[in-house]
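Residue-level structure breakdown
Below are the chains, spelled out letter by letter.
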Amino acid sequence: MSPNIDVNEIEKFSQLAKEWWDPNGKCKPLHIINPLRVEYIVESCQHSLAGKNLLDVGCGGGILSESMAKQGAKVTGLDLADASLNVARTHAQQNGLSIQYIKSSIEDYAENSNEQYDVISCMELLEHVPDPQSIITACAKLLKPGGKIFLSTINRNHKAKLLLIYGAEYIARLVPKGTHDFDRFIRPSELMEFVKNAGLQCNDIIGMEYHLLKNKFSLGKNVDTNYILQAIK
């Protein structure tokens with residue numbers, strides 16, 4: 001198994017398994033931002049995912065995976081938490097969706113799989129692993145020439161710390177305390193360097209801004225906190 005794993009992080013998200021699909025539970029932020037993520041990915045892929053081979057890295061309970069499948073993509077989801085994968089498989093089956101869920105790190109999967117993907121998504125994972133570069137490099141191996149990858153994470157600055165740790169965790173209680181580790185947040189310049197090192201070209205970067213008082217997110221040019229980087233091979 002790849003060493004690029006934080007066992008505490010896997011356990012943390014395993015404990016959330018029963019709440020993955022509760023839009024008012026501890027995974028509420030994912031349900032709030034999911035339509036924004038899907039909208040951005042679909043628009044960036046010429047307004048269609050129909051027939052595309054898509055890999056969702058760090059799929060959790062399948063919130064994003066299911067949305068992509070409903071857009072007509074052939075979806076494979078990777079995760080290392082058994083509890084989350086069990087929830088994802090059950091929910092997909094209940095909704096008549098054919099999604100392949102696999103327990104594996106992206107590094108091991110890239111080493112052992114001959115699959116090539118049109119689209120790869122890796123959302124809210126990079127800030128939870130010791131080595132983000134390893135994740136992106138492995139993703140690049142699985143991406144078809146001309147394929148696109150979507151990476152979302154959190155900027156490392158005082159504003160992000162104030163809004164997403166003190167604000168979202170302690171004031172709004174939007175996510176459980178301890179969800180985020182400030183030291184693992186990633187500046188856009190750092191993520192762009194990781195992408196370049198993996199042989200990919202940055203295509204676009206867009207912010208997902210959290211409005212504390214309104215308790216909502218929106219897409220925009222502001223990348224001070226959450227953001228999505230799109231790259232092409």
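Please refer to the structure placed before this passage.
Report on the accompanying structure.

Rules of the game
Residues numbered from 1 in each chain as written. Predicted model: local features only at pLDDT ≥ 70, side-chain atom pairs only at ≥ 80, totals over all residues. Heavy atoms only, no water. Helix = DSSP H or I, 4+ residues; strand = E, 2+ residues; numbered from the N terminus. Buried < 20%, exposed > 50% of the residue type's maximum accessible area, 1.4 Å probe, protein only. Polar contact = N/O pair within 3.5 Å; in protein donor to acceptor, adjacent residues only side chain to side chain. Pairing = 2+ DSSP bridges. Axes fitted to C-alpha atoms, helices over the stretch in contact; angles between N-to-C directions. Phe/Tyr/Trp six-rings, centres within 6.5 Å; stacked < 30°, edge-to-face > 60°. Right-handed = clockwise from strand over helix to strand, strands pointing away. Core = buried A, V, L, I, M, F, W, Y, C linked by side-chain atoms within 4.5 Å. Contact = heavy atoms within 4.5 Å. Salt bridge = Lys/Arg side-chain N within 4 Å of Asp/Glu carboxyl O.

1. Quick look at the environment of Asn95
Positionally, Asn95 belongs in the loop between α4 (82-94) and β3 (100-103). We classify Asn95 as partly exposed; its relative accessible area is 39%. Distance from Asn95 to Glu66, taken between C-alpha atoms, is 9.1 Å for residues 29 residues apart in sequence. A distance of 2.8 Å separates a polar atom in the side chain of Asn95 from the backbone oxygen of His91.

2. Quick word on unusual backbone geometry
One non-glycine residue, Gln46, lies in the positive phi region at around 55°. Secondary-structure assignment places Gln46 in the loop between α2 (28-44) and β1 (53-57). Backbone geometry places His47, a non-glycine residue, at a positive phi of 65°.

3. Some thoughts on the sheet that holds β3
Read from one edge to the other, the open sheet built from eight strands follows the order β3-β2-β1-β4-β5-β8-β6-β7, with strand pairing classed as mixed. Bordering the open sheet on either side are β3 and β7 (216-220), each of which pairs with just one other strand. Averaged over all pairs of adjacent strands, the angle between strand axes in this sheet comes to 20°, irrespective of strand direction. Pairing of β1 with strand β4 (residues 117-123), which is carried by four bridges, proceeds in the parallel orientation.

4. Focus on the pairing of strand β6 (residues 201-211)
Sheet analysis places β6 next to strand β8 (residues 226-232), joined by seven bridges and oriented antiparallel. In the sheet register, Asp204 faces β8, and the bridge partner there is Gln230. Relative to β7, β6 runs antiparallel, the two being bridged by five bridges. Paired with Met208 across the two strands is Leu219, which belongs to β7.

5. Here we look at the packing of aromatic side chains
Inspection of the entire model under this criterion finds one aromatic pair. Between Tyr40 and Phe150 the ring centres are 5.9 Å apart and the planes differ by 85°, which places this aromatic pair in the edge-to-face class. With Tyr40 in helix α2 and Phe150 in strand β5 (residues 143-154), this residue pair connects regions lying 110 residues apart in the sequence. Across the pair, Phe150 and Tyr40 agree in class, each one buried.

6. Some points on the pairing of strand β2 (residues 74-79)
Among the six residues of β2, five are classified as buried, and the element is accordingly described as predominantly covered. Following the backbone out of β1, through helix α3 (residues 63-70) and into the adjacent parallel β2, one traces a crossover that is right-handed. Across four bridges, β2 lies against β3 in parallel orientation. Bridge pairing links Gly77 to Tyr101 in β3.

7. Focus on the nonpolar core
For soluble globular proteins, the rule of thumb is that nonpolar side chains tend to be buried together. In terms of nonpolar packing, the biggest core is built from 35 residues, with Ile41, Leu49 and Phe150 touching the most fellow members. Taken together, the elements giving at least two residues each to this core come down to α2, α3, α4, β4 and β6. With seven residues, the top contributor of residues to this core is α2. Residues in contact with Ile41, not counting those within four places in the same chain, are Leu49, Met68, Val119, Ser121, Met123 and Phe150.

8. Quick notes on the pattern of salt bridges
Enumeration over the complete set of coordinates arrives at seven salt bridges. In this structure, Glu124 and Arg37 form a salt bridge, with 2.4 Å as the shortest nitrogen-oxygen distance. Separated by 87 residues along the polypeptide, Glu124 in the loop between β4 and α6 (132-142) and Arg37 in helix α2 bring together distant segments of the chain. When sorted by exposure, Glu124 lands in the same class as Arg37, which is buried.

9. Some remarks on the environment of Asp183
Its place among the elements puts Asp183 in the loop between α7 (158-171) and α8 (188-197). Sequence spacing of Asp183 and Phe150 is 33 residues, and the spatial spacing of their C-alpha atoms is 22 Å.

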